[in-house]
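Examination of the molecular architecture
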2 protein chains.
Amino acid sequence: MSTDLLVAQLLDAAPDSTGAPIGALHRLLDDSAIDESDPAKSIAEAAALVGLSPTTLRYYERQQLVRPARNAAGHREYSALDLRRLVFIARMRLSGMSMQELTRYIALVDDGHTTQQERQQIMSAQRDRILHRIRELTLALEVTEYKIRTYGAPE
Amino acid sequence: MSTDLLVAQLLDAAPDSTGAPIGALHRLLDDSAIDESDPAKSIAEAAALVGLSPTTLRYYERQQLVRPARNAAGHREYSALDLRRLVFIARMRLSGMSMQELTRYIALVDDGHTTQQERQQIMSAQRDRILHRIRELTLALEVTEYKIRTYGAPE
DNA sequence: CTAGGGGTTGAAGCGCGCTCGAACGCAAGT
DNA sequence: ACTTGCGTTCGAGCGCGCTTCAACCCCTAG
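Structural notes, computed from the coordinates. Computed from a predicted model, the values in this text were never measured in an experiment. (Residues numbered from 1 in each chain as written. Chains lettered and ligands numbered in written order. Predicted model: local features only at pLDDT ≥ 70, side-chain atom pairs only at ≥ 80, totals over all residues. Heavy atoms only, no water.)

1. With respect to the packing of helix α3 (residues 43-50) of chain B against helix α4 (residues 54-62) of chain B
All names here are of chain B. Between α3 and α4, the shortest axis-to-axis distance is 8 Å and the interhelical angle comes to 100°. Relative to α4, the element α3 is oriented roughly perpendicular. Each of Ile43, Ala44, Ala46, Ala47 and Val50 in α3 lies in contact with α4, whose residues at this interface are Pro54, Leu57 and Arg58. (Axes fitted to C-alpha atoms, helices over the stretch in contact; angles between N-to-C directions. Helix = DSSP H or I, 4+ residues; strand = E, 2+ residues; numbered from the N terminus. Parallel < 35°, antiparallel > 145°, perpendicular 65-115°, else oblique. Contact = heavy atoms within 4.5 Å.)

2. Structural notes on the packing of aromatic side chains
For any two aromatic rings, the description comes down to two numbers: the centre-to-centre distance and the angle of the planes. In total, this model carries four aromatic pairs over all chains according to the counting rule given. Between the aromatic rings of Tyr59 of chain B and Tyr60 of chain B, the centroid separation amounts to 5.8 Å while the plane-to-plane angle is 45°, which identifies the pairing as tilted. Judged by relative accessible area, Tyr59 of chain B falls into the partly exposed class, the value being 33%. Between Phe88 of chain B and Tyr105 of chain B the ring centres are 5.8 Å apart and the planes differ by 45°, which places this aromatic pair in the tilted class. A residue pair is termed long-range when its members are at least 10 positions apart, and Phe88 of chain B in helix α5 (residues 80-94) and Tyr105 of chain B in helix α6 (residues 99-111) qualify at 17 residues. Summarising the burial analysis for this pair, Phe88 of chain B and Tyr105 of chain B share the class buried. For Lys147 of chain A, the ring lying beneath its charged end belongs to Phe88 of chain B, and the centroid distance is 4.6 Å. (Phe/Tyr/Trp six-rings, centres within 6.5 Å; stacked < 30°, edge-to-face > 60°. Buried < 20%, exposed > 50% of the residue type's maximum accessible area, 1.4 Å probe, protein only. Lys NZ or Arg CZ within 6 Å of the ring centre and 35° of its normal.)

3. Structural notes on the protein's contact with DNA strand C
Around DNA strand C sit 17 residues in total, of which Arg58 and Arg76 of chain A together with Tyr60, Arg93 and Met99 of chain B are the nearest. For DNA strand C, the fraction of atoms within 4 Å of the protein that belong to sugar or phosphate moieties is 77%. Here a phosphate oxygen of DNA strand C sits 2.9 Å away from a polar atom, N or O, in the side chain of Arg93 of chain B. One of the backbone nitrogen or oxygen atoms of Met99 of chain B is found 3.4 Å away from a phosphate oxygen of DNA strand C. For the surface near DNA strand C, the elements supplying multiple residues, two or more each, are α3 (43-50) of chain A together with α4 of chain B. When residues of the surface near DNA strand C are assigned to their parent elements, the largest contribution, five residues, is made by α4 of chain B. Tallied by class, residues from the surface near DNA strand C come to six nonpolar, six polar and five charged. (Near = heavy atom within 4 Å. Polar contact = N/O pair within 3.5 Å; in protein donor to acceptor, adjacent residues only side chain to side chain. Nonpolar A, V, L, I, M, F, W, Y, C, P; charged D, E, K, R; others polar.)

Below is the structure:
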């Protein structure tokens, strides 16, 4: 599996400083890499773009996360909108949001205007989880670097 | 599951600034919470101390991560050394190290002195993974906060 | 006309990291 | 004597997030 691709793209583009302006990041994938006027993409193309496998994209569709149109042959056609959503999904998965919560969120989005409050709650909870996770990792990082420094120390 | 306990302890004790001196942290769990002269702990006590379930501790033993002694009744007795190792294991798991890699590492530790080089490599790889993961999360955090800010925006 | 390379489906399988269930042992309290 | 509570073992089961399989379809190029 490699959601790695997507992140690689993002990380490469990011000016690497932690508190960098983020507007550019949004442009990067939401607006520039995905051109609204592009013809719809095949599942293989879409998968490559977001760094997932075609199989995973089909799986996400079964889970109701995306609903690409079909062409005459019954093949999926991912519109710019679909792709945008896929990018979002990939990011959220990557940040540790569960499929369950993500499907809930997407269902709310599809449900429309009256659901903003719950959506915002979901995202706030997600932000808190990310922050918590970052703190965990920062701590673990220190332990790991300590081990590296003390090299042959027991344990 | 709650490895949470352990981390909660650590996070509570940490002066919360990201680049804080870490020596204190080591003291906290490696030296103060685990007193060398304490009598050995039961599995329930040990589990509570590191924030894992007794079941998980048995599982870790099956995986050769720890080998507590047994008392006359065949019950496990976790020594200060065992507990120290459990704390380390919990931290490494929490930081995303796989069981496979962790068992490998522990096997090397148990093997002794001639394995320092590989151990150090494992830890370096782990450090890199943590750094990568933190960058991923930082990015996802920005996206999430963007969503929260723009609130009712689609997707 | 046929071979190849894309696509489709539904159902089953998998790897990870636990977690649970069943059957049992031991020691203390009432 | 017996219940309670903590421990033991082995093996099976589970939830998550994909991934694989088998059978089939469609289009194009040679």
